[in-house]
Amino acid sequence: MALSVRRYKKTECITFKSTKGKYGGLSNMAPNFHIYLDGCLIKTTEALYQALRFPKNPEIQKEIINFPSPIAAKRFGRTKLDKSRKDWNKHRFKIMKFCIELKLLQNKDSFSEVLLATNNLPIVEYTEKDKVWGAIDEGDFYVGTNALGRLLMELRESLNNNSFELTIPDVKDFTFLGKAITFELIRRKPEEEPGKLNL
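Quick notes on the rules
- Residues numbered from 1 in each chain as written.
- Predicted model: local features only at pLDDT ≥ 70, side-chain atom pairs only at ≥ 80, totals over all residues.
- Heavy atoms only, no water.
- Helix = DSSP H or I, 4+ residues; strand = E, 2+ residues; numbered from the N terminus.
- Rg over C-alpha atoms; globule rule 2.2 N^0.38 Å.
- Buried < 20%, exposed > 50% of the residue type's maximum accessible area, 1.4 Å probe, protein only.
- Contact = heavy atoms within 4.5 Å.
- Areas by Shrake-Rupley, 256 points an atom, 1.4 Å probe, with all protein chains shown as cover.
- Salt bridge = Lys/Arg side-chain N within 4 Å of Asp/Glu carboxyl O.
- Pairing = 2+ DSSP bridges.
- Axes fitted to C-alpha atoms, helices over the stretch in contact; angles between N-to-C directions.

Participant: I would appreciate a short explanation of the overall build of the protein in the present structure.
Facilitator: The helix and strand inventory of the protein stands at seven helices and nine strands. In terms of overall size, the protein behaves like a compact globule, its C-alpha atoms giving a radius of gyration of 16 Å where 199 residues would be expected to give roughly 16 Å. Expressed along its principal axes, the backbone C-alpha trace of the protein runs to roughly 50 × 35 × 30 Å. The proportion of buried residues among the 199 residues of the protein is 50%. Residue pairs in contact within the protein that sit at least 24 positions apart in sequence constitute 67% of those at least 6 positions apart. Of the roughly 10,200 Å² of accessible surface on the protein, 49% is carried by carbon and sulfur atoms.

If you want it as structure tokens, here you go:
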């Protein structure tokens with residue numbers, strides 16, 4: 001994804017900032033869109049995204065997905081950045097795309113309802129300082145790269161076109177808890193407890 005800055009007129013877009021409100025489900029922090037990999041419950045998209053930063057450290061991944069809140073998981077991940085994959089910035093947009101696609105695949109009815117409720121308007125993650133994943137307030141406009149909003153709009157378009165397919169990104173060491181992420185891993189029967197593997 002090109003890191004170009006976009007301008008969105010406030011009166012002509014929908015925004016989300018937290019998990020509250022009509023569009024709160026668009027947030028990666030939203031709690032009611034569980035994801036499963038290899039039979040392991042991951043409570044939020046944010047927790048999965050943060051965990052995938054550490055493919056060679058399954059113990060860190062497991063700690064991240066076991067935190068009770070996505071904010072705590074994100075904060076913990078930031079304390080381990082020295083162990084992050086070195087090419088994170090190169091691949092983070094592809095990895096985020098995978099995370100939200102998996103969110104849709106495994107929560108098709110509830111998440112598609114939120115996406116389609118945006119009525120094809122531009123989707124903006126409103127933030128106070130992050131101009132990469134979201135956009136900031138500048139008078140009559142939101143200004144930023146709005147990478148998450150743009151990925152969500154692409155996902156919505158695939159729903160509208162009946163062309164949605166989960167894509168596993170071509171990223172080296174794309175692993176979860178020591179296993180390469182494959183469609184088989186995604187289809188494993190889920191367990192009920194966070195972090196518990198269905199062995």
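Participant: Which parts of the structure should I look at to understand unusual backbone geometry?
Facilitator: Across residues other than glycine, the phi torsion is negative in most instances, and most of the peptide bonds are trans. Of note in the backbone geometry, D38 takes a positive phi value of approximately 55 degrees without being a glycine. Take D38: it is sitting in the loop between β3 (35-37) and β4 (40-42). Of note, the phi angle at D173 is positive, near 55 degrees, even though the residue is not glycine. Here D173 falls in the partly exposed class, since its relative accessible area comes to 32%.

Participant: It is not clear to me how the pattern of salt bridges should be interpreted in this structure. Could you clarify?
Facilitator: Pairing between side chains becomes possible if they bear opposite charge and their charged atoms approach one another. The full count for this structure, using the stated rule, is seven salt bridges. Close ionic contact of K17 with E128 constitutes a salt bridge, the shortest N to O distance being 2.9 Å. In this pair, K17 is assigned in the loop between β2 (14-16) and β3 and E128 in the loop between β5 (123-125) and β6 (136-138), connecting sequence segments 111 residues apart. Ionic pairing is found between R85 and D87, a salt bridge with its closest N-O pair at 2.6 Å. Taking relative accessible area as the criterion, R85 reaches 9% and is therefore assigned buried. Judged by relative accessible area, D87 falls into the partly exposed class, the value being 26%.

Participant: Sorry if this is basic, but what is going on with the sheet that holds β6 here?
Facilitator: Pairing between sheet strands relies on hydrogen bonds along the backbone, with the strands arranged either parallel or antiparallel. Taken in spatial order, the three strands of this open sheet run β1-β7-β6, and their pairing is antiparallel. A strand with exactly one partner marks an edge of an open sheet, and here the two such strands are β1 (6-9) and β6. Recorded for the sheet is a direction-independent mean angle of 35 degrees between the axes of neighbouring strands. Two strands pair when backbone bridges link them, and β1 and strand β7 (residues 141-144) are joined in this way by four bridges, in the antiparallel orientation. The residue bridging Y8 from the neighbouring strand is Y142, located in β7.

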